[in-house]
Amino acid sequence: MSLLKKMFAHQISSAPERFQDINTLEQRLWQRDEAEQAKMGGTKIFACLVGFSDPNLTTLVKLLRDVGVQRTSLFTDISQVYEVVKWPTNSNSNRQSFSHVFINLDSFRSLESGIDLLLDFRKIYRSARIILTSAHSVSDDFGDEKSAICDITLSLPLNFKTLNIAIYSE
């Protein structure tokens, strides 16, 4: 019987050593997060999402979080973004707050009206990276042929690899 007590005593005394303190785990998690932020160069990425709905919206928001986007704002269409920007107290701060603008071309009434709006939109948001998406796009386009309306064109549905390239490439 004393051998059994000895075995249980050993198991009980060593059991707390197997589990780490919650504060230690939290500290390790914060250190890992800080290391990932340092890898990204400390740049903060804020994305404006225009014209997205489910299932593409849910996928896009999840992927954006996975690649390190800190904040997203959702707008139904470009006119809603214009209204927010026109407010005198918001015009400069909103224009500078979005580092990336994702626009769903499929949400426009027609391709022609979408291109016209994008030409005007590009004039307002010169500093933001404009990423155009469409389910009808044949392939992803990282070239500068469409620079008058966007920086990058991605085909829907999006994936982690191309989204990561679109956000972090220069």
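This text goes with the structure placed above it.
An account of the accompanying structure is given in this report. (Residues numbered from 1 in each chain as written. Predicted model: local features only at pLDDT ≥ 70, side-chain atom pairs only at ≥ 80, totals over all residues. Heavy atoms only, no water.)

## Points about unusual backbone geometry
The omega torsion across aspartate 54 and proline 55 is 5 degrees, close enough to zero to call that bond cis. Mapped onto the secondary structure, proline 55 falls in the loop between strand E1 (46-50) and helix H3 (56-66). In this model, leucine 156 is joined to proline 157 through a cis peptide bond whose omega is 0 degrees. Along the polypeptide, proline 157 turns up in the loop between strand E5 (152-155) and helix H7 (160-168). (Helix = DSSP H or I, 4+ residues; strand = E, 2+ residues; numbered from the N terminus.)

## So, the nonpolar core
Grouped together as the largest cluster of nonpolar side chains are 20 residues, with contacts concentrated most on Leu49, Leu60, Leu64, Phe102, Leu163 and Ile167. Going through the elements one at a time, E1, H3, E5 and H7 are the ones with two or more residues in this core. In terms of residue count, the dominant contributor to this core is H3 (five residues). Residue contacts for leucine 64: discarding those within four places in its chain leaves Ala47, Leu49, Val69, Thr72, Phe102, Leu163 and Ile167. Of all hydrophobic cores here, the second largest spans 19 residues; its members include Val50, Phe75, Phe108 and Phe121. (Core = buried A, V, L, I, M, F, W, Y, C linked by side-chain atoms within 4.5 Å. Buried < 20%, exposed > 50% of the residue type's maximum accessible area, 1.4 Å probe, protein only. Contact = heavy atoms within 4.5 Å.)

## Let's talk about the pattern of salt bridges
The final tally for this structure, using the stated rule, is three salt bridges. Note that lysine 62 and aspartate 66 form a salt bridge whose closest N and O atoms lie 3.0 Å from each other. One end of the pair is lysine 62 and the other is aspartate 66, both in helix H3 and four residues apart, which spans about a single turn. On the accessibility criterion, lysine 62 (52% relative accessible area) is exposed. Residue class for aspartate 66 comes out partly exposed when judged on its relative accessible area of 43%. Residue aspartate 151 is joined to arginine 122 by a salt bridge in which the shortest nitrogen-to-oxygen separation is 2.7 Å. (Salt bridge = Lys/Arg side-chain N within 4 Å of Asp/Glu carboxyl O.)

## What to know about a nonpolar patch on the surface
A surface patch of nonpolar side chains, amounting to about 230 Å² of accessible area, comprises Leu111, Ile115 and Leu119. Relative to the elements of secondary structure, leucine 111 occurs in helix H6 (residues 111-124). (Patch = residues over 30% accessible without salt bridge, like charges linked within 9 Å, V, L, I, M, F, W, Y side chains within 5 Å. Areas by Shrake-Rupley, 256 points an atom, 1.4 Å probe, with all protein chains shown as cover.)

## Re the sheet that holds strand E2 (residues 71-75)
Here five strands make up an open sheet; going across it, the order is E2-E1-E3-E4-E5 and the pairing parallel. For this open sheet the edge positions go to E2 and E5, each flanked by a neighbour on one side alone. Each strand axis lies, on average, 20 degrees off the axis of its neighbour in the sheet, ignoring direction. Bridge count between strand E3 (residues 100-104) and strand E4 (residues 129-134): five bridges; the pairing is parallel. What sits directly across from phenylalanine 102, in E4, is isoleucine 131. Against the sheet, H7 makes contact with E3, E4 and E5, and its axis sits at roughly 170 degrees relative to E5, the strand it touches most. (Pairing = 2+ DSSP bridges. Axes fitted to C-alpha atoms, helices over the stretch in contact; angles between N-to-C directions.)

Function cannot be read off these values alone, since they describe shape.
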